[in-house]
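Coordinates in review
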Amino acid sequence: MPNTLKRLIPDPEVIKLQQLLSSNGYFEEIKPSHGLFDGITFDNAVLFQLQHIYKDGDPLKPDGVIGAKTWWALKNPSGEKQRNHLSASIPVGLTTKRHQLIELIIEEHSKPVFEVPDGSNRSPDIDGYWGNTGVIGLAWCCAFVSWVLKEVTDSYPIASTHHLGVQRMWRTAKLLNMTTEIPKPGDIFVQLFAGGKGHTGFVVAVTEDGETIYTGEGNCGNRLKIGKRSNNSELHFIDCLQDNQTLDFERMAFDVNSTIDNTTR
């Protein structure tokens, strides 16, 4: 079993970590010091953890510590092993736009949408999520969020901008007083990390106790994924539609689809 790796602790397996991250499209902007678990490697390891799951379907802990679960995900970063096969449905009690938004996410997810080839940040569908920005081939979770909002509202609700960066989108939403502490289906979730990195997607459903959210998020295991995340202090939320959605919506937990189609990735 590979060693547990931590920042600035020498270990020859750091090279293996960097090679696996690089093969999956990380280190786009700045290359790491070869074999050194430096800040660049740490930041990209955390971003990888934000975007991948363990074999039990639960998301990795984004702490930059490369233990057994993260090693497993690094060796199984896409395809069937990064699908959690959750059967999504639309909660009752949503406004029309929120219903349409979640319906669109489920439709895109069912295609399915995944990177071709792995780590390229590209496919015909993914390229379309960038809209008219002139950008393709970069991390695309925020581009997907902007595309969905444009498709559903025929506008860009957050400062009339097709946002491409998670942290800038979050800062703009805060300035516009669009943030919320209690997530609702159709809200945006945001995860932030030092160095300007982050991850984002939509809240699709919330459990009865409010401790778990189900999500629709791009660039997660090299695909568009219906996932689940613990509703904790690591998550921030944007009420992007500003439509006075009440908290009187159906709470639910998604089941694992028992009829898995192994012909799709």
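Below, the structure is looked at part by part.

Quick look at the overall build of the protein chain
Regarding its fold elements, the protein chain presents seven helices and eight strands. For 265 residues, the compact-globule estimate of 2.2 N^0.38 gives 18 Å, and the protein chain sits close to it at 18 Å. For the C-alpha atoms alone, the extent of the protein chain along its principal axes is close to 55 × 40 × 35 Å. When each of the 265 residues of the protein chain is scored for burial, the buried share is 51%. As presented, the protein chain carries roughly 12,100 Å² of accessible surface, and 50% of it is formed by carbon and sulfur atoms. One finds the centroid of the 26 positive side-chain charges in the protein chain at a distance of 5 Å from the centroid of its 32 negative side-chain charges.

Looking at the packing of helix α4 (residues 96–109) against helix α6 (residues 141–153)
The packing of two helices is summarised by the inter-axis angle and the distance between the axes. For the pair α4 and α6, interaxial distance at closest approach is 10 Å and the crossing angle is 125 degrees. As the angle between them shows, α4 and α6 are arranged oblique. Crossing of α4 over α6 shows right-handed handedness. For the pair α4 and α6, the contacting residues are Lys-97, Gln-100, Leu-101, Leu-104, Ile-105 and Glu-108 in the first and Phe-144, Trp-147, Val-148, Leu-149, Glu-151 and Val-152 in the second. A breakdown of the residues in the contact of α4 with α6 according to their chemical character gives eight nonpolar, one polar and three charged.

What to know about the pairing of strand β3 (residues 188–193)
Of all six residues making up β3, five are buried, and the element is well covered by its neighbours. What sits between β3 and strand β4 (residues 197–206) in their antiparallel hairpin is a turn of three residues, with Gly-195 showing a positive phi close to 90 degrees. Judged from the three bridges that link them, β3 and strand β7 (residues 236–238) form a sheet pairing that is antiparallel. Paired with Ile-188 across the strands is Ile-238, a residue of β7.

A look at unusual backbone geometry
For the peptide bond that leads from Lys-111 to Pro-112, omega is -5 degrees, which places it in the cis range. With respect to the helices and strands, the residue Pro-112 is situated in the loop between α4 and α5 (124–128). In this structure, the amide linkage connecting Val-116 to the following residue, Pro-117, adopts the cis form with an omega of -5 degrees. Along the chain, Pro-117 falls in the loop between α4 and α5. One non-glycine residue, Asp-154, adopts positive backbone phi at about 60 degrees. Tracing the backbone shows Asp-154 in the loop between α6 and α7 (166–175). A positive phi is found at Asn-244, a non-glycine position, where the angle reads about 60 degrees. By the secondary structure assignment, Asn-244 is in the loop between β7 and β8 (255–256). According to the relative accessible area criterion, Asn-244 is exposed, its value standing at 74%.

Cut-offs and rules
Residues numbered from 1 in each chain as written. Predicted model: local features only at pLDDT ≥ 70, side-chain atom pairs only at ≥ 80, totals over all residues. Heavy atoms only, no water. Helix = DSSP H or I, 4+ residues; strand = E, 2+ residues; numbered from the N terminus. Rg over C-alpha atoms; globule rule 2.2 N^0.38 Å. Buried < 20%, exposed > 50% of the residue type's maximum accessible area, 1.4 Å probe, protein only. Areas by Shrake-Rupley, 256 points an atom, 1.4 Å probe, with all protein chains shown as cover. Lys, Arg positive; Asp, Glu negative; His and termini not counted. Charge placed at Lys NZ, Arg CZ, Asp CG, Glu CD. Axes fitted to C-alpha atoms, helices over the stretch in contact; angles between N-to-C directions. Parallel < 35°, antiparallel > 145°, perpendicular 65-115°, else oblique. Left-handed = near helix turned anticlockwise from the far one by under 90°. Contact = heavy atoms within 4.5 Å. Nonpolar A, V, L, I, M, F, W, Y, C, P; charged D, E, K, R; others polar. Pairing = 2+ DSSP bridges.

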